[in-house]
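The chain contents come next:
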Amino acid sequence: MGLSESAFQYAYKGFQQLVNNGTLNEQVLTIVDFSQPSSQKRMYILDMATGEVLFNTYVAHGRNSGLNYAEKFSNNNESLQSSLGFYVTKGTYIGKHGLSLRLSGLEDGWNSNAEARAVVMHGAEYIGSGRADAAYMGRSWGCPAVPQAQASKVINLIKDGTALFVYHPTQKYLESSKIING
């Protein structure tokens, strides 16, 4: 379906670490593969017990992370960039984008400010097949936004204690992640 082998291998290794640590409530793993352009369906929701792909869709990256490809990442407030690494999903709420999902970043220096930055999963009209012919998809303020029409299904599938891994082949991250290298 397009998921890079490297993204899956790092995600699986980290997922196993989180399961062994008792961090997760569910056997669901969501992978956002930022080695792919925004014009591709680069979010994969996997059932790790059965190996089934539960869902595959588009996902936005931060406005200051790049145009068609996400290339720059930050954990800083007001950076408008996406953050790499492992998150655990939390509960939902209704916000300005409708149903939204809180995310807790698990990696110091990489995504640990996600909650303070209000980096959440939400639906957005600026991402999805309706924009497939555009030069690039719309971008968020750092949130992994999904197509509005699919937001409720995606959020309800992964809420309450599942793993979310935002991947990019950034060597500094891959070498320093305590979850991947734990």
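Being a predicted model, the structure only gives us computed values, none of them experimental. (Residues numbered from 1 in each chain as written. Predicted model: local features only at pLDDT ≥ 70, side-chain atom pairs only at ≥ 80, totals over all residues. Heavy atoms only, no water.)

Draft legend 1. Local environment of the nonpolar core. Ranked by size, the top nonpolar core spans 43 residues in total, and within it Met121, Phe165 and Tyr173 carry the most contacts. Breaking this core down by element, the ones donating at least two residues are α1 (5-20), β1 (28-33), β2 (43-47), β4 (85-95), β5 (98-105), α3 (148-158), β8 (163-167) and α4 (171-176). When residues in this core are grouped by element, the largest group, 5 residues, is from β8. Apart from residues no more than four positions distant in its own chain, Met121 is found in contact with Met43, Leu99, Ser100, Leu101, Leu103, Pro144, Val146, Val154, Ile155 and Ile158. In terms of nonpolar packing, the next biggest core, distinct from the first, is built from 6 residues, Ala60, Ile127, Met137 and Ala145 among them. (Core = buried A, V, L, I, M, F, W, Y, C linked by side-chain atoms within 4.5 Å. Buried < 20%, exposed > 50% of the residue type's maximum accessible area, 1.4 Å probe, protein only. Helix = DSSP H or I, 4+ residues; strand = E, 2+ residues; numbered from the N terminus. Contact = heavy atoms within 4.5 Å.)

Draft legend 2. Broad picture of empty space enclosed by the protein. By the definition in use, this model includes 1 cavity of 30 Å³ or more. Along the walls of the largest cavity sit Phe34, Ala60, Ser82, Ser83, Tyr87, Val119, Gly142, Cys143, Pro144 and Val166, which together make up its complete lining. (1 Å grid on protein atoms, 1.4 Å probe; cavity = no way out; pocket = protein on both sides within 12 Å on 5 of 7 lines; lining within 4 Å. Points joined across faces, edges and corners; volume = space filled by probe spheres on them.)

Draft legend 3. Expanded view of the packing of aromatic side chains. Taken as a whole and assessed by the stated rule, the structure comprises 7 aromatic pairs. Ring centres of Phe8 and Tyr12 lie 6.0 Å apart, and the angle between their planes is 25 degrees; on these two criteria the pair is classed as stacked. In this pair, Phe8 and Tyr12 are both assigned in helix α1, 4 residues apart and thus about one turn of the helix distant. Aromatic pair Phe34 and Phe73: ring centres 6.3 Å apart, planes at 20 degrees, arrangement stacked. Of this pair, Phe34 sits in the loop between β1 and β2 while Phe73 sits in the loop between β3 (52-57) and β4, placing them 39 residues apart in sequence. What makes Phe34 buried here is its relative accessible area of 3%. Phe73 sits in the buried class, given a relative accessible area of 19%. Put simply, the rings of Tyr10, Phe86, Trp110, Phe165, Tyr167 and Tyr173 pair up and form one aromatic cluster. Here Lys96 stacks its cationic end above the ring of Trp141, 5.5 Å away from the centre of that ring. (Phe/Tyr/Trp six-rings, centres within 6.5 Å; stacked < 30°, edge-to-face > 60°. Lys NZ or Arg CZ within 6 Å of the ring centre and 35° of its normal.)

Everything listed here is a matter of geometry and, on its own, says nothing about what the molecule does.
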